[in-house]
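# Structural features, examined
Here are the chains, one letter per residue:
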Amino acid sequence: MVFAPFTTVDHHKKSVTIGNGLLSRETIESYEWLLKAFLRAHEGKAPKVVLTDQDPAIKQAVESVCDLFKNKDFKKRFNKLVWNMHIKPDEFEKKWELIINEFNLEGSWYCHYKHVGTKIGWELYKVEQLDKNCNLKTEFEVEIKLPANDVKCTYEHLNRFGNFCQHAFNILMKHGIKEIHEQYIDNRWRKDVISVHYHFGRHVYDTGDSEINKSVNQAYYSFEACLEYVRKNKDKMDLFVKKTESMLKEYENDPTNELQKNRTHVEEVGKLMGISIPKDIDVNVPNVKAIKEVERTIEFKVQ
């Protein structure tokens, strides 16, 4: 039996299994049956994005069951836009909006924003959420304080899920703000949520001294952090390389360096074994001409 799980990503960016099936065969018909059963279990609500392991049978089954993927023009334009690494952000947003509108992918509601006034330094906006028939479904209030870029919304998406709702994002964009304030970035979304003393532990070996291990981890973190800051600037990168090379030469020439002592240990071991390490090593090059003559002889005899 083939085990076929359905996995989604929740608002904590964690994988969650929401269904699975057992198939006797990995055929297009079997996967079509499984997808149709999955849609019935979810009241016909099809996923907007499907990621597979590029299995040809699954690919054809998804295209036959989900209406969105039957549209060849959509697939062509979607792939051309998403996989274009050279496109600029502004151009991407414009083309993305065209695709969303043309293929009716806006969802079941729209939002209308209206500035309603100012209160103790906060700009107040009223957000009207409409359905496809332009009927009012619900209302929200968004407040933004400039120039601190503080923002809050009565939808409370930030408090519930740890990130901004689209209402807050849209208000920030209306004011030309393209960076989220530090205070709104929850620790669970940060790369440095794990202590640097543990995050870079994979680079080092155990020296037996916890304080040395801590310092080594800190050194790795500082080096990689500096590299991240300068890697996109050629001049700064060249200067960084020169500084690190200068430090390397300084430690290499230090007679108290443990690595220098290890090099002398090799000579001592050689003396104990009664051998000496030659300074120059001659490598005898094989006689290529003789080999070719043998090949010709063999070829002649075969003929």
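To keep things clear, this report deals only with the structure shown in the data block. (Residues numbered from 1 in each chain as written. Predicted model: local features only at pLDDT ≥ 70, side-chain atom pairs only at ≥ 80, totals over all residues. Heavy atoms only, no water.)

### Observations regarding the state of the cysteines
By definition, a disulfide is the covalent link that joins the sulfur atoms of two cysteine residues. Going through the model one piece at a time under the given rule, you end up with 0 disulfides. With no disulfide partner, C165 has as its closest neighbouring cysteine sulfur the one in C153, 3.8 Å distant. A residue is classified by how much of its surface remains accessible, and C165, at 5% relative accessible area, is buried. (Disulfide = S-S within 2.5 Å. Buried < 20%, exposed > 50% of the residue type's maximum accessible area, 1.4 Å probe, protein only.)

### A word on helix α9 (residues 234-252)
Taking 1.5 Å of rise per residue, the 19 residues of α9 would be expected to cover 27 Å, and the 27 Å separating its terminal C-alpha atoms lies within 8% of that figure. One side-chain oxygen of the residue at the start of α9 lies 3.1 Å from the amide nitrogen of D235, identifying that residue as N233. (Helix = DSSP H or I, 4+ residues; strand = E, 2+ residues; numbered from the N terminus. Expected span 1.5 Å × (residues − 1). Polar contact = N/O pair within 3.5 Å; in protein donor to acceptor, adjacent residues only side chain to side chain.)

### Regarding the packing of aromatic side chains
By the definition in use, this model includes 6 aromatic pairs. Judged by centre distance (5.9 Å) and plane angle (15°), the ring pair of F92 and W96 falls under stacked. Linking F92 with W96, this pair stays in helix α4 (residues 89-102), spanning 4 residues, or about one helical turn. Three or more aromatic residues joined by ring pairs form one cluster here, namely F78, F92 and W96. One Lys or Arg, K152, reaches over the ring of W122 and ends 4.5 Å from the middle of that ring. (Phe/Tyr/Trp six-rings, centres within 6.5 Å; stacked < 30°, edge-to-face > 60°. Lys NZ or Arg CZ within 6 Å of the ring centre and 35° of its normal.)

### Looking at the environment of I87
The topology assignment puts I87 in the loop between α3 (72-82) and α4. Leave out the neighbours within four places in its chain, and I87 touches L81, F92 and K95. (Contact = heavy atoms within 4.5 Å.)

### Thoughts on the nonpolar core
Within the largest apolar cluster, 15 residues are counted, with the highest numbers of intra-cluster contacts made by V142, I144, V151, F164, I171 and L172. If you list the elements that add at least two residues to this core, you get β4 (122-131), β5 (136-145), β6 (150-153) and α6 (166-174). The residues contacting V151, other than those within four sequence positions of it, are W122, V142, E143, I144, F164, A168, L172 and Y184. Within the second largest apolar cluster, 14 residues are counted, among which are A4, F38, L39 and V65. (Core = buried A, V, L, I, M, F, W, Y, C linked by side-chain atoms within 4.5 Å.)

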